[in-house]
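# Inside the fold
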Amino acid sequence: MAQLKRRGARAGRIGTSSARQRAGRQARVRKGAKLVYFFGGGRAEGDASMRDLLGGKGANLAEMAGLGLPVPPGFTITTEVCTYFTHHGGKYPPALRGEIERNLARIEAEMGRRFGDPRHPLLVSVRSGARASMPGMMDTVLNLGLNADTVEGLIRESGSPRFGYDCYRRFIQMFGDVVLGLKPESRTEVDPFEELIDRKKATRGVRLDTELTAADLRDLAGEFKQLIKQRLGIDFPEDPMQQLWQAIGAVFRSWENPRAITYRKLNRIPDEWGTAVNVQAMVFGNLGDNCATGVAFTRNPATGEAGLYGEFLANAQGEDVVAGIRTPQEITRAASVQRALESGLSETDRRRCFPSLEESMPQCYADLRRIARQLERHYRDMQDLEFTIERGRLWMLQTRNGKRTAAAAVKIAVDMVRERLIDKRTAVLRVQPGDLEQLLHPQLDRSAKLDVLARGLPASPGAVFGEVVFSADDAVAEVRNGKKVILVRIETSPEDIHGMHVAEGILTARGGMTSHAAVVARGMGKCCVVGCGDLNIDYARQRMQVNDREIRRGDWLTLDGSTGEVIAGTVPTIRPALALEFATFMKWADSFRRLKVRANADTPHDSGVAREFGAEGIGLCRTEHMFFEGDRIDAVREMILATDRAGRERALAKLLPMQKGDFLAILRVMAGLPVTIRLLDPPLHEFLPATDKEISALAQRTGISEGELRKARDGLHEANPMLGHRGCRLAITYPEIYAMQVRAIVEAVCELRADGVKVEPEIMIPLVGHVRELEILRRETLAVVAEVAKRYGVKVRLPVGTMIELPRAALCADEIAREADFFSFGTNDLTQTTFGLSRDDAGRFLPAYVERGIYPVDPFVSLDRRGVGELIRLGVQRGRAARPPLKVGICGEHGGDPDSVMLCHQLGLDYVSCSPFRVPVARLAAAHAALRRDNAAPRED
């Protein structure tokens, strides 16, 4: 009982979040509101539009029933009841009991069975169903309604004692785990029920659960009940109605279990939504060889290829497929043949060991294929289906919009437009901007020598490497220490969600393409290889055998999620080749967006990458990055150490041709597109050596004594350098620095124009807080531009603007705009100065602020709308009031965050700028921002 109390106490602590408080404000059930909705027998009281109330699963079950599809009858308890239950300490609305009893009677009438009847027992499943898909994160109870009497009735009706006792022991185990709290809280703890099963198999000398006899399973059911009595001091409930109410409460409580909370945070699902509960008549896939259970997709969720795709298990229940305990079989013959070829099986062995559903149950396959086509056309999206075959009859248990990789999402969107299922606007909204980063996953360099250890199923693409860990907790701990890890499990479960999130990739010994690991990894965009049967994992010794090789914790592995290969060590990677559909899709996205998208790039290589990804210019070229390369740093240090202006100018003269060469190369790559060049920004101390060893080496090269170097370094020390002598403040003190940089830019412009290259550079002065700073530096900048242009005999007009990164600059934007041709909001520093946070140090405590709901998200990841966003709004409004044609953009890292791009669109900015590899993300986010002003985005199940 102590374990049960501990679990409840933890749920209580979780429930004290701000989200719980928000839920409390919504906890009243609407007066007269219907609490339970029936479906089945070709009719339903709900439909797919009622997702917020019925959850995704309940809404889609109702929709399928309304379409006349073979759906076992059932009812859905609404999400409003969950909110009420959570806020009222586990109590139900008074009207709920009567509604459940009436709808349970309707299920009995449809099935011709009675709940709790020992002669013709009705069994039900109790499943969660939130409005957003959360695969495996909440709890389920199957075979509910069994007791010592009803199991005998089930045996008489089925004619199979083994089937009856198999259902009974499954029910007791699942009820004990989910409802009574005996499920281990940690993946390192032993499941007491599984321990008894393993002991029974060892005693009988068998390897698989399916090899246990009816007598073995009957004995296990009794042992399970004894275990519950010993551990909790209570008897297993025999009353089916008591079982039902306890299971409903357990499913509602699972909304606030740790794995569900973690999943919601990762996917930004509001805590106050709650879950619905679906109570549905059981149909059985474990009645014999003409029974099965499976999961299917109407298109391949990894590649997007059209055609039925999925797996099934004969003589099994649904949880067996996703748990990965048994190796599933392919639905289509073509997929079965392909797997056999990869495994080296003969056609005879394939047909004997792994016949496809298409071959073993052709009529059910034909029915499934027909229904899959019907549902995909009805929902106009790729569907993820769950089904059971009971004695040759197909039953549909669920449909939902299937999770897919980014590559599959793009291909499916483009193909469905070509098939006239959706229009281009819908296609663009179907793909989430952040998911596009998956398309840029590196691929293995196939020219390298590969030490392939084994091959599994390629569940989610990408090529990653890391150090092996065998538990989710170890993954989190090692990543906190700065390591990259590969999480290796026999099979994953929802309790592993936190480790899967931080790992570079996931590798499992068991499971198929629809297992928990595969589904969750695809949703996360993580590389994943599953079902690698050659792995023999020993958790206790923290090692695994792979054929004749031993891999220990901390050893390096590489995974190729596109081929399923598991490779020893690390392998070089290369940039991926993008499919033709990607270019088509991005062209559609560009046709809808208003915001321009530029890139932050400081080298010709990065500039070229940005242009390939569709950047419409460079929004931030950081010139200080050029100062650190090669022997330039010595010239910079010579300039810093000079005691007078003449000495500084001599050192800067050495830098001039180097800077000009950089600008020549970058501007040539970006010909015809704007390039915003930010003049020197960081404080000078960053260019000086920090350690005694570095000081000694510099003294030998320059002839300056170590003492003088230390004195110079210490003289530049500042208590808070990011708010100190940097940016435009340096140029006010040392105008010759910016003069050199401007001269290099203008000379590059003049020489490129002489070669017929069209260039559009823009000069940006950082950290302006007062209009006089910009007024002085603009005048000095334009004087250098005029002097160099005159020397070359050409006309040069360079826009001069500023980076708005101080709150005062945003508030005084009307004054500053009179001296600026453009604004670029430096949101990294603007966030720092607005919040009073150091982004270099805030990582120590910001997670706690997000955890406790003080900040909804990390403000350095997604723009703070209320504070920083308001400063940007004021800056844009006041700046354009003073100078109507003022061009405005942002160049902080927020420029690649989809939510921040949405805000920039709403505030009327002209462009965003981000890292080159996030340019496609920003382009799609800008399209979403434009489209969502008029259209709601398609809802994901």
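Keep in mind that this is a model prediction, so the values were computed, not measured.

### Remarks on the overall build of the chain
- Looking only at helices and strands, one finds 38 helices and 34 strands in the chain.
- Expected size for 941 residues packed as a compact globule is a radius of gyration near 30 Å; at 32 Å, the chain falls within 12% of this value.
- Projected onto the principal axes, the alpha-carbon positions of the chain cover approximately 105 × 65 × 55 Å.
- Put simply, the chain has 941 residues, and 56% of those count as buried.
- Partitioning the contacts of the chain with sequence separation of at least 6, the portion at a separation of at least 24 is 70%.
- Put simply, the chain shows about 38400 Å² of open surface, and 49% of that area lies on carbon and sulfur atoms.
- Counting 133 positive and 123 negative side-chain charges, the chain places the averaged centre of each group 4 Å from the other.

### Examining helix α38 (residues 919-931)
- Spanning 13 residues, α38 covers 18 Å between terminal C-alpha atoms, matching the ideal 18 Å at 1.5 Å per step.
- Burial runs high along α38: 13 of the 13 residues are buried.

### Here's the deal with the sheet that holds strand β2 (residues 43-44)
- Here six strands make up an open sheet; going across it, the order is β2-β1-β3-β8-β6-β7 and the pairing antiparallel. At either end of the open sheet lies a strand with only one pairing partner, and these are β2 and β7 (140-144).
- Two strands pair when backbone bridges link them, and strand β6 (residues 124-130) and strand β8 (residues 275-281) are joined in this way by seven bridges, in the antiparallel orientation. Residue S128 lies in a different strand from β8, and its bridge partner there is V277.
- Its contacts with the sheet put helix α3 (residues 51-66) on β1 (36-40), β2, β3 (74-77), β6 and β8, and the angle it makes with β6 is roughly 120°.

### Some details on the packing of aromatic side chains
- Here the structure, examined in full by the defined rule, presents 14 aromatic pairs.
- Note on F465 and W556: the rings are 6.2 Å apart at their centroids and 55° apart in plane angle, and the pair reads as tilted. Residue F465 is located in strand β17 (residues 463-469), and its partner W556 is located in strand β24 (residues 556-560); the two are separated by 91 residues in the primary sequence.
- Note on W556: relative accessible area 35%, which makes it partly exposed.
- Ring centres of F835 and Y855 lie 5.2 Å apart, and the angle between their planes is 80°; this geometry places the pair in the edge-to-face category. One end of the pair, F835, is in helix α34 (residues 827-835); the other, Y855, is in the loop between α35 (846-851) and α36 (868-882), and 20 residues separate them in sequence.
- Three or more aromatic residues joined by ring pairs make a cluster, and in this case those are F85, Y92, W245 and F252.
- Against the face of F38 rests R106, its NZ or CZ located 4.1 Å from the ring centre.
- The cationic tip of R598 hangs over the ring face of Y911; the distance from NZ or CZ to the ring centre is 4.1 Å.

### With respect to the environment of Q700
- Turning to its location among the elements, Q700 is positioned in helix α27 (residues 692-702).
- On the basis of relative accessibility, which here comes to 68%, the residue Q700 falls in the exposed class.
- Along the primary structure Q700 and G826 are separated by 126 residues, whereas in three dimensions their C-alpha atoms are 39 Å apart.

Procedures and definitions
Residues numbered from 1 in each chain as written. Predicted model: local features only at pLDDT ≥ 70, side-chain atom pairs only at ≥ 80, totals over all residues. Heavy atoms only, no water. Helix = DSSP H or I, 4+ residues; strand = E, 2+ residues; numbered from the N terminus. Rg over C-alpha atoms; globule rule 2.2 N^0.38 Å. Buried < 20%, exposed > 50% of the residue type's maximum accessible area, 1.4 Å probe, protein only. Contact = heavy atoms within 4.5 Å. Areas by Shrake-Rupley, 256 points an atom, 1.4 Å probe, with all protein chains shown as cover. Lys, Arg positive; Asp, Glu negative; His and termini not counted. Charge placed at Lys NZ, Arg CZ, Asp CG, Glu CD. Expected span 1.5 Å × (residues − 1). Pairing = 2+ DSSP bridges. Axes fitted to C-alpha atoms, helices over the stretch in contact; angles between N-to-C directions. Phe/Tyr/Trp six-rings, centres within 6.5 Å; stacked < 30°, edge-to-face > 60°. Lys NZ or Arg CZ within 6 Å of the ring centre and 35° of its normal.

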